[in-house]
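A look at the structure
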Amino acid sequence: MSILVVGSVAFDTILTPHGNAEEVLGGSASYFAVAASYFAPVKLVAVIGEDFPEQERAFLASRNIDLEGLSVAKGRTFRWTGKYHEDMNMRDTLDLQLNVFATFKPVLPPSYRDCPFVFLANINPGLQDGVLDQLTTKPKLIACDTISHWIEGARPELEALLKRVEMLVINDEEARLISGDRNVVRSARKILEMGPKTLLVKRGEYGVLSFSPNSVFAVPAYPLEEVFDPTGAGDSFAGALIGYLAASNDLSEANVRKGIVYGSVVASFVVEDFSLRRLRTLTRDDIERRYRQFVSLTEF
Ligand code: AMP
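Quantities reported herein were computed from a predicted structural model and do not represent experimental measurements.

Bringing helix 3 (residues 125-133) into the picture now. Taken as a whole, helix 3 has its buried residues at Pro125, Gln128, Asp129, Val131 and Leu132. Buried residues in helix 3, looked at end-on, bunch into an arc of 150°, giving them a common side. Those residues of helix 3 hidden inside the fold are in contact with strand 1 (3-6), strand 8 (117-120), strand 9 (141-144), helix 4 (148-153) and helix 5 (155-162). Measuring from the side-chain oxygen of the N-cap residue of helix 3 to the backbone nitrogen of Gly126 gives 2.7 Å; that N-cap residue is Asn124.

Set out below in structure tokens:
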């Protein structure tokens, strides 16, 4: 079953205590799409500028990612610069140049409109809502992400969107901002009352908590000696999770739990190198091997 993703394709400049990377491929939709493509075909909607290199386009196309919805606009591709602290769970945005992303209005090609699995990566919630209006068939799963910027600046639009979404994937800080509560469990209960049936709270190196009305599930992050670049961990987590759900076409609680482990596994590879570099060589076998290690890691 195919997956529709709408979000950003970017050039990132990343500063970490271990080193820097300049103008490397990034963006929420890029990470999501490549991670999801290990499991199921992906249809991407995003915008790039005229400066986007053909070889990066070819890389995405080589991964079972349909690029009909990747439009090229006059101008430069979106750019983001982030700096990580010594504690890599903390980062600051140093620079953000929207460029062609400033006027981005996602338009789904007709062949995208009946996708059974939909992921709305971090963009303006009004635009995320507009994507749902273009669907001709009710999807099996609509999931979305958001960031503090929209929680604070576009609250009514976000609340309207949450009523239409089954799964929300955010970090603990965003969960606190949405709920106005510092406690993550109480936050989750409040957010589940706003629409989503499943809430996934990403907690960086501490792993992921999954909340649904009748259950809580906790998964640690895979313990790594060195985290090189956490950028895109959240988006690749969501990509592998939804990729796995789309491939298995099973939204049962038990299967969502497996998907959360696949998401954690793929995210753990992504942070081992800058940008999407690790995903360029990662194989499905590598994923399966670490999945099995993950199972024994959490077994008792
Ligand atoms: P994550 O580390 O999961 O938050 O994802 C980081 C990715 O999101 C980077 O590759 C950025 O290019 C992209 N990004 C950062 N800020 C924004 C924004 N305001 N809108 C869309 N994408 C963004």
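Here the narrative resumes, following the displayed structure.
Here the focus is the pairing of strand 7 (residues 91-97). Relative to strand 7, strand 6 (residues 78-84) is paired through 6 bridges, and the arrangement is antiparallel. When the sheet's bridge partners are listed, Lys83 is paired in strand 7 with Asp92. Counting the residues between successive antiparallel strands, the hairpin from strand 6 to strand 7 contains 6 residues.

On the secondary structure map, Asp133 appears in helix 3. Each C-alpha atom, one on Asp133 and one on Ile260, is 28 Å from the other, the two residues being 127 residues apart in sequence.

Basis of the calculations
- Residues numbered from 1 in each chain as written.
- Predicted model: local features only at pLDDT ≥ 70, side-chain atom pairs only at ≥ 80, totals over all residues.
- Heavy atoms only, no water.
- Buried < 20%, exposed > 50% of the residue type's maximum accessible area, 1.4 Å probe, protein only.
- Helix = DSSP H or I, 4+ residues; strand = E, 2+ residues; numbered from the N terminus.
- Arc of directions from axis to C-beta.
- Contact = heavy atoms within 4.5 Å.
- Polar contact = N/O pair within 3.5 Å; in protein donor to acceptor, adjacent residues only side chain to side chain.
- Pairing = 2+ DSSP bridges.

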